[in-house]
Every structure is written in C-alpha cells, then in structure tokens.
4 protein chains.
Amino acid sequence: MIIVLRPDVTEQEFQHIIEKIESKGMRVHVSRGTERTIIGAIGDESALRELPLEALPGVEKVMPVLKPFKLASRDFHPEKTIIKLRDFEIGGPEIIVAAGPCSVERGDSLIRTARAVKKAGAKLLRAGAFKPRTSPYDFQGLGEEGLNLLAEAREETGLAIVTEVMETRTVEIVARYADVLQIGARNTQNFNLLMEVGQTDKPVLLKRGMSVSLKEFILAGEYIMNEGNHNVIFCERGIRTFETSTRNTLDISSVAILHYETHLPVWVDPSHAAGHWRWVNPLCRAAVAIGADGLIIEVHIDPENAWSDGVQSLRPEKFAELMKDIHKVAESVSRTISLGEES
Amino acid sequence: MIIVLRPDVTEQEFQHIIEKIESKGMRVHVSRGTERTIIGAIGDESALRELPLEALPGVEKVMPVLKPFKLASRDFHPEKTIIKLRDFEIGGPEIIVAAGPCSVERGDSLIRTARAVKKAGAKLLRAGAFKPRTSPYDFQGLGEEGLNLLAEAREETGLAIVTEVMETRTVEIVARYADVLQIGARNTQNFNLLMEVGQTDKPVLLKRGMSVSLKEFILAGEYIMNEGNHNVIFCERGIRTFETSTRNTLDISSVAILHYETHLPVWVDPSHAAGHWRWVNPLCRAAVAIGADGLIIEVHIDPENAWSDGVQSLRPEKFAELMKDIHKVAESVSRTISLGEES
Amino acid sequence: MIIVLRPDVTEQEFQHIIEKIESKGMRVHVSRGTERTIIGAIGDESALRELPLEALPGVEKVMPVLKPFKLASRDFHPEKTIIKLRDFEIGGPEIIVAAGPCSVERGDSLIRTARAVKKAGAKLLRAGAFKPRTSPYDFQGLGEEGLNLLAEAREETGLAIVTEVMETRTVEIVARYADVLQIGARNTQNFNLLMEVGQTDKPVLLKRGMSVSLKEFILAGEYIMNEGNHNVIFCERGIRTFETSTRNTLDISSVAILHYETHLPVWVDPSHAAGHWRWVNPLCRAAVAIGADGLIIEVHIDPENAWSDGVQSLRPEKFAELMKDIHKVAESVSRTISLGEES
Amino acid sequence: MIIVLRPDVTEQEFQHIIEKIESKGMRVHVSRGTERTIIGAIGDESALRELPLEALPGVEKVMPVLKPFKLASRDFHPEKTIIKLRDFEIGGPEIIVAAGPCSVERGDSLIRTARAVKKAGAKLLRAGAFKPRTSPYDFQGLGEEGLNLLAEAREETGLAIVTEVMETRTVEIVARYADVLQIGARNTQNFNLLMEVGQTDKPVLLKRGMSVSLKEFILAGEYIMNEGNHNVIFCERGIRTFETSTRNTLDISSVAILHYETHLPVWVDPSHAAGHWRWVNPLCRAAVAIGADGLIIEVHIDPENAWSDGVQSLRPEKFAELMKDIHKVAESVSRTISLGEES
C-alpha cells in the first residue's frame, strides 16, 4: 500500500499515520520527495484493507499495490484451467457452444430446439427454468417442471445442460439437474448465492453484471473458488453504457484481459449484449477471433412464439449458418469448433 | 404500442404483423404517412410485451406507449404515501434521518454511536448485521448476533432499526428484529428477495442499484408492492459512471423524478455515493433542498477503528453539525428536521 | 511516480527501468516488499509523463503521485478567486444568476426576456449567437447579427452578456461584444479554442463536456490559465450516463470537489442537465444548497415559440418564482441572491 | 412524430396541441386508446423538430418516427460507398491498414517507422502534426514542419498520409499535405470543423467521440456530407464507460450497426481503445472478424523513446506479426489484407 501525504501534513499527523500502519503489523518505508512525502506500507496488504487511511488527516490518497484476488489470478496458476464435462472440455483448444431458448417452455419447442442446436454442433443446451424478469408482470419460468423438461432433452440429445440458479434456496435442486450452474448478470454480486454454488461440485458459468468492473468480476469468481469450487467460467454479456443501439455494450476487450489476469475459461453471451438477433452473428465472429473459449447463444425453433426474448433468438437455420461462419474464424485463430452432424 | 414499419415492408409482411397483434386480442389502427406506415396497437399493452415484434420482417422499431408500472405510479395514486413508524412518519413534512455505522460491531461502538445520533436528531439507527462485500476476504458481518445488538440499542435509545437483508433465507429473522428492511444496491433486481420482503409487513428501504435505470428501479418497487407490501421507500445512492472522484455519482435529479412518477417516499444515501465523509455534508444539503424525504448516513463514534467503511463515516460531532446545517436548508424549502435533544 | 514491478521481473529488466527513469534526471528509491518491488521516482514528475513506463517489460503498473494541474490548484492558491464584472462579483458571497433564451432570435423576444430576467434578479443575459447543433438541419444561430442584438439588450437593461464562442476564428468578434465568453460542452477539450480564449481579457465560463472527468475538466481550465487568462469559471451541466430520464445526469458532487481542488468559481447549468423545464427549479435548489457560485438558466418569454430548446426553457413567471425559492435556500447556507426590482 | 397525451389531458389542452402541430403544416391523426390518446403528426417531421411539444400541457411524451439523417443513410443509398485513394480502395473487399507513430517527431523515427509498416502491408501512414493533448504541459505537435516530414515519408514510401486537423484555421494547410483528413475524438461534434472539412475534396476519417451515440455520430458525418464531401469514413475508437482496465471501451457492435444504418466505410482504432499495446492484436482480430473496412494502428520504431503514446504503440516486429494474424482472420470472413513485401 502506498500512502501519499498532503503537502501541508503536520509532524503529528505523520506520526499518527505511521502508528496506525504499524499497529496492523506492517513495516513502513518513508520516501520524502520534492513535493510530497510518500509512505510505503510493507507486509500483508489485506491487513490494511479495512483501515480508513484515506480519512486520516494529512493523507491525500491511498494506492493499493497488489491485486485483490489470488485464487483466480494467473500469477499463482499460470496454466489455463480446463473443465471436463461429459465428452468435451471447456477452456481447451475447442470453442464450446451452448445454445437454446431463453426460457424452458411447455410443449415441444424445447426438444425441437435442442435437436436442432445439437445437429449444428452445440455441446450444451441452455434454457431457464427460473427467470429473472425486470417486471413482476412477465413470465417467471416453469421452476422444477422446467428442470425436468431439460433433463428429458438431455436424455434424448446427449447435450449437457446449463441453466440459471437465482437464489440460495434453489441451488440444491438446480444442481441436481444441471451440468453447469449459471449465475445471471443481476446476481454477479449476490454474495450469498456465490458462496452457495461454491459449495456444489458443478461448474459455474458466472455472467458479468451490467455495472461490474473486471476487478469486481474476478473477485466474484474468487468468492466461488474460496468455497472450494474452482470450476468457474467467466461470461461477458455486455455492460451498461450511454449507447442504446444495442441492449448492452459488449466489452469485447474483457475477453483478452480476463485471459491475461486469470487462468479460467472466458465465454461470451452475444444475445444479451445485442438484444437483437441481427447482431448475434457478427458479435460471435468477434468473440471467437479475440479468443473466447465458449459462446452461449439464444436459439428458438419459432422465435415469434417464444415465451421470452424472441427478439434476440436465432432461428435454427440462422444458427447453423452461424456455426459454419465461426468455424472458419476459429480455424483462423488456431482453434476448433464442432459442426455436429452437419460437418 | 406503436409499431413503425420499414419503408420497404411488403404487403405480406404487413398482413403478418397485423395478424400477430390481433392474435393477442388487440385492435390495430394503421396510419400511412409520407415516409413510414405506423401501426397503433390498441388494448392491454402488456399482452404484447412478450411478442417479439421487433424481430418480425418489415418492422423498423417498436415504441411502448404506457409506463410499465402501475402500483407505484402517481397516475393511479395521486396522494403521497406516508409510512408511520413508531413516533414518526416517513413521507410527511418532516425529513427523517437514519444514521449509524456501516456494520454492527462487537464492543460498545454501536451503542455509543446510537446514543450520539439519537441526541443529534436521528430517528433510526442504521447498521448491517449481514454485509455484502466485494471481496470474500473482507468482514462479512456478525449475523444474528448483530441483530441482537441492534435490538439492544433500540431498547435503550428508542431509535427504530433499519438493517439490510441479503437473501431470502434470512428475511424472516431480519424482519423479526428490524423496523425497516433494507435492500442493498447489489440486490435491487434480486427478484426473489423483492418478492420475499413483499410478503412481510415491514417497510422496505430499497436502494437503487449502480446501473439500474429509474424505470427499472420503480419496477423493482413494483415487485415488492405486487406481493402486498406497499410500504416501499426508494433510496438513491449514486450510480456508476466514468467519473471516479466520488465512489459513485449521486443522481440528484432522481429525487425529483421519483416524486413526479410515484407516490412513494424518496430517500438519499450520501455516504455510499460520496465514498468519503468530506462530501457527505454538501450532498445532504443538496438532497434536502431538492426534496428528499429522508437521509441514511454513515456515522461512527471512532471511524479510524471502524470495521468497515471508515473513510465515509462521519464522527458524531460532524454529524451534529450536519444536522444543524440541513435543518436550516429544510426550513428554506418548507420542511422540518428534528434536532433531538440538542435543539 | 510509483512504479510497481511484476513478481517475475528479471534483474536485467529492473536495471533497464532504473536507467530509463534516471535518464530523465529523476532519482530512484527502491522498496522491496514481500510480494512486489516498488520503485519511487523522485523529482519533477512531469519529466516522466511521456515515458511509456507501462510498456516496459517487468512493469506491472504505474501510479502518478502528483495532481497534473498547478495554476488552478487550491494547493498553490488557497484563497478563492473572485472575478469582478460590471457591478457584481463572481465567486463571492452573492450567487450570480445568468438567464435568457437558448439562442438569440430576431424580433422582440430577446429584449422582452432580458427585461423579465433583469426584473427577477438576473445579473447576466445568456443567449447564443453561434449555436452548436447535433443536426446540420437545425437552426445554427444568427452570428454577428445576434451579437448586435445582445449588445442592444445590454444597453437597455444593464445586464452583462454571456454568450458562446465556438471556434478560434470568431473569438475576436465574440470577445468584442461579450462580457463573459462561454465554451460549450462539446468544446471543453477543443484545445486550440481554449488557448485562444486564454489570450483574451474576458472571463471564460467553461462548461464541462459530457464525458470529461473532473481531472480533465480542471486541466481544460489550466489550458486557458496557461495563456494568461486566470478568470475561469467552471460550469457543471450534466454528464452522459445510462440514465435517460434526464437529458444528462447532473453530477452535483462536482461542485464540492471543484471547490476543494481549485480556487475558481463553480457554476451549474440546470437546464441542459435536465432537458425539461420541470426539473430546473429542484436542480437549482440543490445547486445552491451544495455551494454553487452561480447558475445559468434558460428562460424564454414564450417557450412554445422559441427557436431552440423550448422544452427546457422556463417562462418568466416560473423564473421569478425560482429566484424566490433559491433566495431562501441561499440564505440557509449563508449566501445571498439578488431579487432585482422585485425584492 | 407520435405524441402521447397524459391521461388527464383537457379538451382545451388537446385542441392547443392539435393547432400547434397543424401550424407547422402537418396533418394530425388521432387515436384514442383505452388508457391514452395518441396523436400522429403526418408530414415532414423536421418541421416539428424545434417545436417544444414535450413542454406543452397535456403531453406525456413525444416519440420521433424517422431517423434524423438522410445522406448517410443506407435507406437512400443501398450500395456501400467505396473511396478510391492512390492505388487502393476504402470500403471494398480489401481491409486497409493505416499505421504509424502517434505524433510526427524530428529525426529518423518517422521514416524508419514508415518503411517498416509499408513493408508489413500498411497502405497509409498515420502520424499527428497537430496534437490534441489533455494537458497544456504535454508536447503539442510539430505543426507544418510535421506536415513536411509526412510529405517526405510519402514521397519515399508511396504510403498515403492520414493526419489530424484540429481547427478550422488549419484545414487548408493540412488538406494541402494529407490524403485523408482525420477528425479526432474530441472534435466529433466540433460542428464548424466538420463543415470546413466538408468543403474540401479530401476523404475524412471521422473518429467517434468518447460519449457520442451512434445516432449523433452518423449526424456528425451528415454535417460533412451536407457541405458536399461524401467521402466520410467512420472510425470507432472506444467510448467512455465505468470500466478502467482499458483506456476506453471498444464498442465493437458499432461496426455492425454503422454498416447496417449507413453506406459508408467503418474503421476501428484499437490503439486508443486499448491504451496498451498488449490488447491491440486481439482487438484487431475482433475488428476484422466483425467486418471493419480498415484499421488505424499506432506503431513506433522505438516506443520507449516515442514523444507520445509509447505505451500503446506496437514495435514493427509485433506489427508484422499482427498483419499476418489478421490476414488469416480476414480470409475467414471472405476479405483480404495486403501483406506488403513480406507476403
């Protein structure tokens, strides 16, 4: 920790600051410059985290030296983490695609969509049984009935299941059905939920919240890892900015930065970033080119009659085209994408 | 709902759009302009909410006509809601102040802080027993032990208690102790939690999330009201922007807009917006001048030794000064603020 | 300047970094901590500004110690700057109000508005002869004809004139007519323009750009001061965020921060922040309460027929009410506001 | 234009609104729904632009129907614009790369960099002779001396020149030397400058401002086109958001949206978005994959001694690698990139 003192700091204030730092078991290292005196606090920086140094008289600003995360950090774990699931690997050379409708619906739309995305090369089926909706008047999901429908679709198609868990009380039941637990963008900093999924043995697809910085995002992953579950997948899905042409602004740079800072797989959700199916194909191409390890894409057999998010859902034929397009981009960056039965 | 068609829309596409709208029981009203044809969909707009009109061929854009909220809307409830609590009212002419430490701590800091804020005019004691922390390595709160300490402080001082509830599983226990349930900024769109507190009979102080628009904020309140609990207090606490001089950017305009759009009380949390005690006094003056119905302020008997958020906590003497300052501003806008025993 | 090294920095990289810093005439101060080695570069920090330290192998991050501005800084000029203009002072105990239409129009609307705002207590008349418009198809201002109309209004009413200058070529002519030169929000970082107005002897009202940080804002003022013109007035007018309920988000905290960091007067423009006259009165109350030294407000004798910005313009009677309202708030924070002939 | 009325609108207010609209030569079309009455104003929407409908009593909101731009719109010009320059085309199947140092420097760094980027396949040399700098204390460029150095580099290498013009007074001289005029991000809405370059016959590379929406960005291009110069190239270079890991947040989606809405070429500047050379290669891959027509990249023969922006400048050998990487990505999306003498 570096503490920059005000030019008018008094000797008494200075001594008080030194004592405060030493009281936490840190050593101090003072450097008197031409315009400012600087204190370096040496030792375990986390001991100082709660100390309100910035409020002490005479302090101008406080600058942490260390990154606040450890378990997720590439500094301590240089090799990339690979998560094995059924017959594929997340984080390896193959780019994995999860696809499916926004929410599990009754009738045959789920299974028909599942068959179609499987055929085009998807490895996981995505669909929500528990749905976070901005309005209380919108469809809230089928709950356990939906989980059963997902299990049936897995049974028939062999696709793995990724589905959202919204609260601590339902972690157990969702974990019973799902292959991958999804944490939605509104729950990225729902710390109780993070701790709860950290106690399961299921990989967690952690979506980035709309106003969550990359540092905070990694710390959210750290919450899960700190409970013992190291199979965390970061998923960029767009942040909130002033631009309204897309539902959110896909922060494509985050893929490169998360790979640099952490050893965990990084996915991209183009559908929620875009908010319209028209932009999903171009965003997927960009995501693959920059190095995403996976994509999670909304596909519906009949978007016009989808129960939610129809605007941003691809039809199966558009999805099959997309898979061929990104297959080529993947090869250009020395990665692979499975094209399923169509390849 | 207004549907603007593309200039190159075909007759077949046009008919398909009409049929889609009529299939939801709406009437259509077509207006052919010089450059665009426009369809007005007349009837219950919520029937169209899930219809992916924007994805239909021939549609350029879709513009909703109605506001998505009802229970919170001033259109349907012109008089301001007043929430009665112990010996005071929230939403009436008196501006109510809640004050106290960030988190409940062991020892006598809580009770000493409580006595001090009571003396200066605060009506509620704020302090967290369950704490949402960005890092898993930070202090997470005392849990039920903290709730007991809060109850003891209430017993002695007569202050009402406002404290945060973080997840559905602890709503019952927090509601047993608290006078007002606080929903934190990271849970504004934790819909399960909103529904759960909506089933209690305790007023809810709902903080605005860092990237939650005012429309979404009101809808979050609507979630609570939709379960039967109409005692919702909106609390502006700063939004996330590019500016880093303050921890968050206090969106002061939101107070005026929330009062215009809804009938519910609106509070301001200057401490989390500011991130430094130095800006708390000026932000409180602005909040009172613009019409806030209440303030929730971090105060600690000894900020240098606070277990969390010491930087943004006021000392009791600064808090007493602040109360006098905002008392004057309150009078200038025809409101009152109690000055406690010191008045 | 503090340079934090990577944990895997090599001795050769370390030496190279040291040499680079010393080559700029700085001394180095090395501190080896448990997890990182830190270099303090001591001397004139500006010498290092152009050195791409962050790109050197072995460097993890670079943290500047000093603030990048001097002339505007309160550290070097503790007393508040007061700008004298005609019969009043900007930056003193009196809060100064500039009011008038968005743009100078032909006909008698300007002079009628000028009379009305004068009567209610305004000290300056605001109106644009050169107008920055988002669309090339919108009214672009009357140019020098408008400046003449402003001069006539000053002649009759005694109001000082504040009007916008948009480019270097017209600085001379605008300065010939105006009492205060206004730099608009889209030109906050138009550095040539800043330097040009810095060479005039007219005070400059510098508006904050929509995405300009406070640090950059102060540096923009520094550009003007660096040319010799120290009469700079900062004007907060809202920043661009995700929230769309108001045209921009008024960053009310900036008033307190600019006063803390600099010695220059700080004004607020509630009209452009709000984008609707309805929010102008509440925002003015907040601005006065937090300590603004002045306000610049759009007023039009007949907003329905204004040539631009009619939505956010107050009618004269609403403006007179506003002056009375903020007069009371000003007194509550020990400031004054003139109420003109009506007082 | 659609005007939604308040539920409590009076007959008198209603009549007044109708008259206002008709006074502008528009026809009205009234639709009375169950909850709101809606007025459609039919005719030339631009006639209503200045009418402050939103401020009229009884109006709840106003929704424009048409896009505010015409010349840039793909609706009126379906084929993509191709700009011919020396021996290459911008906007055609080949992706064009401009590369070079941030600013023109004395000595041989410019010419050595020019030779290197030429050899790797760049078609244009970029470098600033006039530099916009956040601080008045930073290097401001060599001015006309720099333009001469650029001309010499063109003479020797055959590279075309793209260089920034910062103000109306220097448009003529910069246009005399440059092949493409660059408008920087701080001048995207410097309307006088846009009009001035619109009167030259040189193509204009228009960078997106940090807080400029895509609609405003297209309107800025429209300003140039409206003066007769239709050779506008849009250049995404990152927007300002809360995220600080990169200097700006590259809004990669904008490439797809600008191509959909307009017929003009779209480029990407990865260097200013990233702020660090490390992210330039991945961002270029993403830009090419999503469909950018060109890239403008900072390259310096010796970044450690660059006069500005050394942190984000690539060394020539990294640039040559990058060209090979994006060459492969370009082929995967059916585009080409020249690899210069190395191919």
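Parameters at a glance
- Residues numbered from 1 in each chain as written.
- Chains lettered and ligands numbered in written order.
- Predicted model: local features only at pLDDT ≥ 70, side-chain atom pairs only at ≥ 80, totals over all residues.
- Heavy atoms only, no water.
- Helix = DSSP H or I, 4+ residues; strand = E, 2+ residues; numbered from the N terminus.
- Buried < 20%, exposed > 50% of the residue type's maximum accessible area, 1.4 Å probe, protein only.
- Areas by Shrake-Rupley, 256 points an atom, 1.4 Å probe, with all protein chains shown as cover.
- Lys, Arg positive; Asp, Glu negative; His and termini not counted.
- Charge placed at Lys NZ, Arg CZ, Asp CG, Glu CD.
- Least-squares fit on C-alpha atoms with pLDDT ≥ 70 in both.
- Contact = heavy atoms within 4.5 Å.
- Buried area = accessible area lost by both parts, 1.4 Å probe.
- Salt bridge = Lys/Arg side-chain N within 4 Å of Asp/Glu carboxyl O.
- Polar contact = N/O pair within 3.5 Å; in protein donor to acceptor, adjacent residues only side chain to side chain.
- Axes fitted to C-alpha atoms, helices over the stretch in contact; angles between N-to-C directions.
- Parallel < 35°, antiparallel > 145°, perpendicular 65-115°, else oblique.
- Left-handed = near helix turned anticlockwise from the far one by under 90°.
- Expected span 1.5 Å × (residues − 1).
- Pairing = 2+ DSSP bridges.
- Phe/Tyr/Trp six-rings, centres within 6.5 Å; stacked < 30°, edge-to-face > 60°.
- Nonpolar A, V, L, I, M, F, W, Y, C, P; charged D, E, K, R; others polar.

Caption draft 1: The arrangement of the overall build of chain A in detail. The helix and strand tally for chain A stands at 10 helices and 15 strands. Considered along the principal axes of its C-alpha atoms, chain A spans approximately 75 × 45 × 40 Å. Each of the 343 residues in chain A was classed as buried or not, and the buried ones make up 68%. Carbon and sulfur atoms make up 46% of the accessible area of chain A, which amounts to about 11100 Å² in all. Each charge class in chain A can be summarised by its mean position, and for the 41 positive and 49 negative side chains these summaries are 2 Å apart.

Caption draft 2: Summary view of the relation of the copies chain B and chain A. Mapping chain B onto chain A calls for a screw motion: a turn of 180 degrees about the axis and a shift of 0.0 Å along it, with 0.0 Å RMSD after fitting. On the angle and the small slide along the axis, the relation comes out as a two-fold axis. By C-alpha distance to the rotation axis, the residue of chain B lying nearest is Ser 211 of chain B, at 2.8 Å. A shared interface surface links the copies, since 98% of the contact residues of chain B are contact residues in chain A too.

Caption draft 3: A look at the interface of chain C and chain B. With 34 residues of chain C at the interface, the matching set in chain B holds 34 residues. Regarding the contact of chain C and chain B, the summed buried area is about 2700 Å², with carbon and sulfur atoms giving 70% of it. Broken down residue by residue, the surface that chain C buries against chain B is led by Phe 242, Trp 279 and Ser 332 of chain C, which jointly contribute 19%. Counting the contacts that link chain C with chain B gives two salt bridges. Arg 208 of chain C is the partner of Glu 243 of chain B in a salt bridge, and the nearest nitrogen-oxygen pair spans 2.7 Å. For the interface between chain C and chain B, the tally reads 10 residue pairs in polar contact (both at pLDDT 80 or more).

Caption draft 4: Examining the packing of helix H2 (residues 109-120) of chain C against helix H10 (residues 316-332) of chain C more closely. Residues and elements named next belong to chain C. Viewed as axis vectors pointing N to C, H2 and H10 meet at an angle of 20 degrees, and their least axial separation amounts to 9 Å. When the interaxial angle is binned, H2 and H10 end up roughly parallel. Here the hand of the crossing between H2 and H10 comes out right-handed. Along the contact surface, H2 presents Ala 116, Val 117 and Ala 120, while H10 presents Pro 316, Phe 319, Ala 320 and Met 323.

Caption draft 5: Representation of helix H2 (residues 109-120) of chain B in the model. All names here are of chain B. Between the first and last C-alpha of H2 there are 17 Å, a value that for 12 residues agrees with the 16 Å anticipated at 1.5 Å per step. Here H2 has its buried residues at Ser 109, Leu 110, Ile 111, Thr 113, Ala 114, Ala 116, Val 117 and Ala 120. Of the surrounding secondary structure, the elements contacted by the buried residues of H2 are strand S7 (94-100), strand S8 (124-126), helix H3 (144-157) and helix H10 (316-332). In the stretch just after H2, Gly 121 is the one whose phi turns positive, near 120 degrees.

Caption draft 6: Examining the pairing of strand S4 (residues 59-63) of chain C more closely. Residue and element names in this part refer to chain C. Of all the five residues making up S4, four are buried; the element is thus mostly covered by neighbouring parts of the structure. As paired elements, strand S1 (residues 2-5) and S4 share four bridges and run antiparallel to each other. Directly across from Ile 2, in S4, lies its bridge partner Met 63.

Caption draft 7: Spotlight on helix H6 (residues 214-226) of chain D. Residue and element names in this part refer to chain D. In this model H6 runs 18 Å from its N-terminal to its C-terminal C-alpha over 13 residues, within 8% of the 18 Å that 1.5 Å per residue would give. Judged by how many residues are buried, H6 sits mostly within the fold: 11 of 13 residues are covered. Listed as buried for H6 are Leu 214, Glu 216, Phe 217, Ile 218, Leu 219, Ala 220, Gly 221, Glu 222, Tyr 223, Ile 224 and Met 225. Taken together, the buried residues of H6 touch helix H5 (191-198), strand S11 (204-207), strand S12 (232-236) and helix H7 (253-261).

Caption draft 8: Fine view of unusual backbone geometry. Residue and element names in this part refer to chain A. Residue Asp 309 is not a glycine yet carries a positive backbone phi of 55 degrees. Here Asp 309 is to be found in the loop between strand S14 (294-298) and helix H10 (316-332). The exposure class assigned to Asp 309 is buried, which follows from its relative accessible area of 17%.

Caption draft 9: Expanded view of the interface of chain B and chain A. Contact residues are listed per partner, giving 53 residues for chain B and 52 residues for chain A. Counting the surface lost from both chain B and chain A, the interface buries some 4600 Å², and carbon and sulfur atoms represent 46% of this. Summed over the three residues of chain B that lose the most area to chain A, namely Glu 50, Tyr 137 and Glu 304 of chain B, the buried surface amounts to 15% of that side. Remark: the boundary between chain B and chain A carries six salt bridges.

Caption draft 10: How the structure looks around the side chain of Thr 241 of chain B. With respect to the element layout, Thr 241 of chain B can be found in the loop between strand S12 (232-236) and helix H7 (253-261). Residue classification places Thr 241 of chain B among the buried positions, given a relative accessible area of 10%. Among the polar contacts made by the side chain of Thr 241 of chain B, one reaches the main-chain amide nitrogen of Glu 243 of chain B at a distance of 3.2 Å. Here Thr 249 of chain B takes part through its side chain, which lies 2.7 Å from a polar atom of the side chain of Thr 241 of chain B. For Thr 241 of chain B, the residues in contact, after removing those within four places along its chain, are Thr 249 of chain B, Ile 239 and Thr 241 of chain C together with Phe 242 of chain D.

Caption draft 11: Representation of the sheet that holds S12 of chain D. Residues and elements named next belong to chain D. Ordered in space as S7-S8-S9-S10-S11-S12-S13-S14, the eight strands form a closed barrel in which the pairing is parallel. Pairs of neighbouring strands in the sheet enclose a mean axial angle of 25 degrees, with direction left out of account. Examined bridge by bridge, strand S7 (residues 96-100) and strand S8 (residues 124-126) share two bridges and lie parallel to one another. The residue bridging Ala 99 from the neighbouring strand is Leu 125, located in S8. Each of strand S10 (180-183) and S11 is contacted by H5, which is oriented at about 170 degrees to S10, the strand it contacts most.

Caption draft 12: Looking closely at the packing of aromatic side chains. All names here are of chain B. Scanning the entire structure with this criterion turns up 16 aromatic pairs over all chains. For the pair Phe 139 and Trp 307, a centre-to-centre distance of 5.1 Å together with 80 degrees between the ring planes defines the contact as edge-to-face. Here the residue Phe 139 occupies a position in the loop between S8 and H3, and Trp 307 occupies one in the loop between strand S14 (294-298) and H10, the gap between them amounting to 168 residues. Residue Trp 307 is classed as partly exposed on the basis of its relative accessible area, which comes to 28%.

Caption draft 13: Layout of the pattern of salt bridges. Counted under the stated rule, the structure contains 109 salt bridges over all chains. The shortest N-O distance in the salt bridge between Lys 67 of chain A and Glu 261 of chain A comes to 3.0 Å. Note that Lys 67 of chain A is positioned in the loop between strand S4 (59-63) and strand S5 (83-85) and Glu 261 of chain A in helix H7 (residues 253-261), a separation of 194 residues in sequence. A relative accessible area of 18% means that Glu 261 of chain A is categorised as buried. Here Glu 145 of chain D makes a salt bridge to Arg 106 of chain D, at a shortest N to O gap of 2.7 Å. Highlighted residues: Glu 145 of chain D in helix H3 (residues 144-157) and Arg 106 of chain D in the loop between S7 and helix H2 (109-120), separated in sequence by 39 residues. The class for Arg 106 of chain D is partly exposed, based on a relative accessible area of 47%. One connected set of salt bridges, linked through shared partners, spans Arg 36 and Glu 60 of chain A together with Lys 67, Asp 75 and Glu 261 of chain C.

Caption draft 14: Expanded view of the sheet that holds strand S1 (residues 2-5) of chain B. Residues and elements named next belong to chain B. The strand order across the open sheet formed by four strands is S2-S3-S1-S4, and the pairing between neighbours is antiparallel. Looking at the sheet topology across the chains shown, the edges are occupied by strand S2 (27-32) and strand S4 (59-63). Ignoring which end each strand starts from, the neighbouring axes of this sheet average 20 degrees apart. The sheet contact formed by S2 and strand S3 (residues 37-42) spans six bridges and is antiparallel. Note that in S3 the partner of Ser 31 across the bridge is Ile 38.

Caption draft 15: Looking closely at the packing of helix H2 (residues 109-120) of chain A against helix H3 (residues 144-157) of chain A. All names here are of chain A. Following both chains from N to C, one finds H2 and H3 inclined at 40 degrees, their axes separated by 10 Å at the closest point. Relative to H3, the element H2 is oriented oblique. In terms of crossing hand, the pair formed by H2 and H3 is right-handed. Contact with H2, carried on its side by Leu 110, Ile 111, Ala 114, Arg 115 and Lys 118, involves Leu 149, Leu 150, Ala 153, Glu 156 and Thr 157 of H3 and no other residues of that element. In terms of residue class, the contact of H2 with H3 is built from six nonpolar, one polar and three charged.

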